[in-house]
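# Residue-level structure breakdown
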Amino acid sequence: MEKKNLDWGNLGFTYMPTDYRYVSHYKDGQWDDGELVTEEKIVLNECAGVFQYAQTVFEGLKAYTTEDGHIVCFRPNMNAERLQGSAEKLEIPTLPEGRFEEAVEKVVKANAAWVPPYGSGATLYIRPFIMGSGSVIGVAPSDEYQFRVFATPVGPYFKDGAKPITIRVSDEDRAAPHGTGNIKAGLNYAMSLHSTMDAHREGFDENMYLDSATRTYIEETGGANFIFITKDGKLVTPKSDSILPSITRRSLIQVAEEYLGLTVEHRKVKFSELEDFVEVGLCGTAAVISPVGKVVDHGREILIPTGMEEMGPVTRKLYETLTGIQMGKIEAPKGWIKTIV
Ligand SMILES: *Cc1c(COP(=O)(O)O)cnc(C)c1O
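### Quick look at the pairing of strand 7 (residues 123-132)
Within strand 7, nine of the ten residues are buried, which leaves the element mostly enclosed by the surrounding structure. The sheet contact formed by strand 4 (residues 56-58) and strand 7 spans three bridges and is antiparallel. Following the sheet pairing, T56 is matched in strand 7 by M131. Pairing of strand 5 (residues 61-65) with strand 7 involves three bridges; the strand directions are antiparallel. When the sheet's bridge partners are listed, L61 is paired in strand 7 with I126. In this structure, strand 7 lies alongside strand 8 (residues 145-154), joined through ten bridges in antiparallel fashion. Directly across from L124, in strand 8, lies its bridge partner P153.

### A closer look at the domain arrangement of the protein
Structurally, the protein comprises domain 1 (8-154) and domain 2 (165-325). Computed from C-alpha coordinates alone, the two centres of domain 1 and domain 2 are separated by 26 Å. Counting from both sides, the interface comprises 19 residues of domain 1 and, opposite them, 19 residues of domain 2. Between domain 1 and domain 2, the buried area comes to about 1500 Å², and carbon and sulfur atoms account for 64% of it. Taken together, domain 1 and domain 2 are joined by seven residue pairs in polar contact (both at pLDDT 80 or more). Where the side of domain 1 that touches domain 2 is concerned, the elements lending two or more residues are strand 4, strand 5 and helix 2 (76-89). If you tally residues by element for the side of domain 1 that touches domain 2, the top one is helix 2, at six residues. Each residue belonging to the side of domain 1 that touches domain 2 can be placed in one class, and the counts come to nine nonpolar, five polar and five charged.

### Some thoughts on the nonpolar core
Of all hydrophobic cores here, the largest spans 32 residues; its most connected members are V108, I126, I130 and F147. Elements with a minimum of two residues in this core: strand 1 (21-27), strand 5, strand 6 (71-74), helix 2, helix 3 (99-110), strand 7 and strand 8. Here this core gets five residues from one element, more than from any other, and that element is helix 3. Setting aside chain neighbours within four positions, we find V108 in contact with A63, I71, C73, V115, L124, I126 and I340. Within the second largest apolar cluster, 22 residues are counted, among which are F74, L252, C283 and I289.

### Details of the packing of aromatic side chains
Applying the stated criterion to the full structure yields eleven aromatic pairs. Each member of the aromatic cluster is reached from another via a ring pair, and the members are Y15, F129 and F150. Cation over ring: K268 sits above Y217, and NZ or CZ is 4.4 Å from the ring centre.

### Section: the site of the ligand
Close to the ligand lie 15 residues, the nearest being K184, Y189, S246, T248 and T285. Measuring from an oxygen atom of the ligand, one finds a side-chain N or O atom of K184 at 2.7 Å. Burial of the ligand by the surrounding chains reaches 97%, relative to a free accessible area of 380 Å². Among the residues making up the shell around the ligand, the classes are represented as four nonpolar, seven polar and four charged.

### A short note on the environment of L36
With respect to the helices and strands, the residue L36 is situated in strand 3 (residues 35-37). Separated by 74 residues in the primary sequence, L36 and A110 place their C-alpha atoms 8.4 Å from one another. The contacts of L36, once residues within four sequence positions are left out, are Y20, R21, Y22, K106, V107 and A110.

The rules behind these values
Residues numbered from 1 in each chain as written. Predicted model: local features only at pLDDT ≥ 70, side-chain atom pairs only at ≥ 80, totals over all residues. Heavy atoms only, no water. Buried < 20%, exposed > 50% of the residue type's maximum accessible area, 1.4 Å probe, protein only. Helix = DSSP H or I, 4+ residues; strand = E, 2+ residues; numbered from the N terminus. Pairing = 2+ DSSP bridges. Domains from an automatic or database assignment. Contact = heavy atoms within 4.5 Å. Buried area = accessible area lost by both parts, 1.4 Å probe. Polar contact = N/O pair within 3.5 Å; in protein donor to acceptor, adjacent residues only side chain to side chain. Nonpolar A, V, L, I, M, F, W, Y, C, P; charged D, E, K, R; others polar. Core = buried A, V, L, I, M, F, W, Y, C linked by side-chain atoms within 4.5 Å. Phe/Tyr/Trp six-rings, centres within 6.5 Å; stacked < 30°, edge-to-face > 60°. Lys NZ or Arg CZ within 6 Å of the ring centre and 35° of its normal. Near = heavy atom within 4 Å. Areas by Shrake-Rupley, 256 points an atom, 1.4 Å probe, with all protein chains shown as cover.

Right under this line is the structure:
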């Protein structure tokens, strides 16, 4: 298979249509068999549930070329499981068992020429989603849906490597207690766009959201979970029902315990504890880990000891171990790597 003629080392994190995408339709109470198609445009009625009442959920995962030339996906079963949970919460019909993995596999295989080569730093980003395609005007779940999976080659999320970022404590909330913060739905992003853009206009890279009930506990950012390292080398990650359960974060916890021998605490984290941590990072599929160098709370600067130049040593070890596993350089825990080609 001949690779596409792209400048692999200089890809941005932007959408580029590839040759094939997968689509399955839900109608009359059931999903059809699904198929690969070449058309990237979707024709929908103006009254489709996705347009009117934002009935849509999504996932994000990547395909990698490993050192020995295979194309693999990282823990797609975790994304499959999470999508089912998101769908249930928005009254979207769940997929038949195995359908998610089958669709991802088909899309990656069909677009193998678009999977960036090993060593380029780039990956194939895969975006599965389900949306209400049937017409609804009275507020109700749609009666028809589309499950789609497309893929697009992307460069590293942060172009200039993992330079520490500056974040601010947001005055707006991302998620309510007992709300939808723990599902992967576009609606959680639509309502955080304003505070994200406001943060950018004020010179910050991201928002840190606190728990909306008491504003005392750290939750997450708009699209990534937090990891903290204590002075004595423990990994701490915030626990809350309104945090999206990041697969990267759950994988890092296992890497920390099983590969690096670190003690891990997954618990509520008070904002006032922040100054005690020696390393802070954001984690998610897109960037894996982005180190945080500074947190600004209404003008008060909290400087993370690792500074603004590079990742802290423990964060770096976590990053290198997890990316080493994903690229096939380090042996993975059982079931983490699904070989596609
Ligand atoms: C997707 C997402 C994450 C990161 O999850 P991963 O599974 O690690 O990619 C974190 N927070 C939010 C709000 C998200 O939507």
